[in-house]
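Residue strings, one per chain:
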Amino acid sequence: MLDRLFSMKNSTREMLFRAFTLLPRPVRAAILRPIVRSARDKLERQSTPSRLILYVTDRCNASCGHCLYGRHLNPSERGELSLGELERLAGTLAVPLQSLVLTGGEPFLREDVPAICRTFDRANQTRLVTITTNGIRTGEILSAVEGILRTCRLRLNTHVSLDGMKNTHDRLRGFTGGFDKAVATARGLRELQHRYPGLNAVSVLTCVCSQNLNELAELIGFVRDDLRLFHKFQFVRSSQADVWGLGPAILSDFSPPNPDCCIQDPAQRALAFELIRDSHRLGKETLLGRRQALLLEHAMRVALKHERAAECLAGKVDGVVYTNGDVAVCEMTRPFTSLRKWEMDFGKAWSSAEAASRRAQTRRCACTHPCNLSTSLSYDLAALLDLSDRTR
Ligand code: SF4
Ligand code: SF4
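Now for a look at the structure at hand. (Residues numbered from 1 in each chain as written. Chains lettered and ligands numbered in written order. Predicted model: local features only at pLDDT ≥ 70, side-chain atom pairs only at ≥ 80, totals over all residues.)

## With respect to the overall build of the protein chain
What counts here: Strands are runs of DSSP state E lasting at least two residues, helices are runs of H or I lasting at least four, and both sets are numbered from the N terminus onward. Here the globule rule reads 2.2 Å times residues to the power 0.38, and the radius of gyration is calculated from C-alpha atoms. Our contact criterion uses C-beta atoms placed from the backbone: two residues qualify when those atoms are within 7 Å.
When its secondary structure is counted, the protein chain shows 15 helices and eleven strands. Taken over the C-alpha trace, the protein chain has a radius of gyration of 20 Å; the compact-globule value for 392 residues is 21 Å, and the two agree within 12%. A separation threshold of at least 6 residues defines the contact pool for the protein chain, and within that pool the share at least 24 residues apart is 77%.

## Overview of the sheet that holds strand 6 (residues 230-235)
Inclusion rule: The pairing criterion for strands is at least two bridges between them, as found by DSSP.
Here we have nine strands laid out as an open sheet, ordered 6-5-4-3-2-1-8-9-10, and mixed in their pairing. Two strands lie at the open edges of the sheet, namely strand 6 and strand 10 (337-338), each paired on one side alone. For strand 8 (residues 318-321) and strand 9 (residues 326-328), the ladder comprises two bridges, and the chain directions are antiparallel. Bridge pairing in strand 9 places V320 opposite A328.

## Observations regarding the site of ligand 1
Note the following rule: Only the C-beta atom matters for nearness: placed from the backbone, it must lie within 6 Å of the molecule or strand for the residue to count as near. Throughout this entry, Asp, Glu, Lys and Arg are counted as charged residues, while Ala, Val, Leu, Ile, Met, Phe, Trp, Tyr, Cys and Pro are counted as nonpolar. The remaining residues, Gly among them, count as polar.
Around ligand 1, the structure places C60, A62, S63, C64, C67, Y69, G70, L73, G104, G105, E106 and N134. Residues belonging to the shell around ligand 1 are distributed by class as follows: six nonpolar, five polar and one charged.

## Here's the deal with the pairing of strand 5 (residues 199-208)
Threshold: Any residue with 12 or fewer other C-beta atoms within 10 Å of its own C-beta is exposed, any with 20 or more is buried, and the rest are partly exposed; the C-beta atoms used are placed from the backbone. Handedness rule for crossovers: strands pointing away from the viewer, path from the first strand over the helix to the second running clockwise, crossover right-handed.
Where burial is concerned, most of strand 5 is hidden: eight out of the ten residues are buried. Bridge analysis of strand 4 (residues 155-161) against strand 5 gives six bridges, and the strand direction is parallel. Bridged to N157 within strand 5 is A201. With six bridges joining them, strand 5 and strand 6 adopt parallel strand pairing. Paired with T206 across the strands is F233, a residue of strand 6. You can see the chain leave strand 5, run along helix 9 (residues 216-227) and come back into strand 6, and the turn it takes is right-handed.

## Let's talk about the pairing of strand 3 (residues 128-133)
If a strand is regular, its side chains alternate between the two faces of the sheet. Across the six residues of strand 3, five count as buried, placing the element largely inside the fold. In this sheet, strand 3 lies alongside strand 2 (residues 99-103) in parallel orientation, the contact comprising four bridges. Across the sheet, S99 pairs through a bridge with L128, a residue of strand 3. In this view, the connection linking strand 2 to its parallel neighbour strand 3 by way of helix 5 (residues 113-124) has right-handed handedness. With six bridges joining them, strand 3 and strand 4 adopt parallel strand pairing. In the strand pairing of strand 4, L128 is matched with R155. Crossover handedness for the path strand 3 to helix 6 (residues 138-151) to strand 4: right-handed.

Structure follows, in structure tokens:
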């Protein structure tokens, strides 16, 4: 539901949202209730996910100790799905595909990223594509983004990762000059927004870890005042430490190569949370700012209580396809099949006995993964009402 709102032009979405918040709560509830009911009814008939996370490469030109996916990067054999295989995948997904997230590795190391976007744009009328980049290959990234915007109808969101001020960022990336390049990429993307209305959002994404905690306030100020970009956050996490209610046989092996990056001390986590929430509250008039604050609050609640904040829709609304075609309901659980086994037919893989069994196994688990939490909250009436309360 929120995905649909977020695939709108930013100014239109925020205008609609502001008007909505002016209505009394009972009126908002009366409007939202049938919308949520109908969205949930549709879910039951949905044969493939409306929100797909697609790993396009395992290659990366950085080597971050806090990388959740670090153990899988730069394998000796590539095994990446070819463009032809991705075309076959796109042709077996329901139309329209609400949201496609391209990730990796560094997605822009794949030269056919614009062609991949065109494939989903044409085959699935994909409304929103989101790409997160480390911003190191500034020239290539800007020209690939232009290539997408010139040839696709979709809206594009780009997140440039900044994980600290200059020295910390470069130390974390294992790459000198990474900060300057990422900043140049972020500025270049912001410039492109003037020319291409399809470039919906340019944001900075920070992965909060023990190494950048002490300069988080400085980084927040830099992104807000110097770059003037929206700032998103995630906490470094691992599937072993941040998922509750699942056994090791099902959990994925996602965890940072350097375990010291995880913030173990609850008091430190709470401090970082307060900092981030305050920074989002500066944008409390916007849906974007409020959604981020609400997501953080829910993530903190899950981390404290080890219980779900709302029904998890991984395996229904959300799905994951890895670089080699493996399929999972979410990134915190192991893949349950490979698309190559099904000749790239996603519909068949998603309705297989293996998929049904994984959905049954993940009926009660809880985790703080922001992507899945965001989907859950967008189908939850109480959360949507909370989001639109002007007193937040
Ligand atoms: S966190 Fe991003 S930039 Fe760093 S190694 Fe992982 S994929 Fe590459
Ligand atoms: S709560 Fe959802 S996203 Fe988290 S591990 Fe369970 S199924 Fe995956």
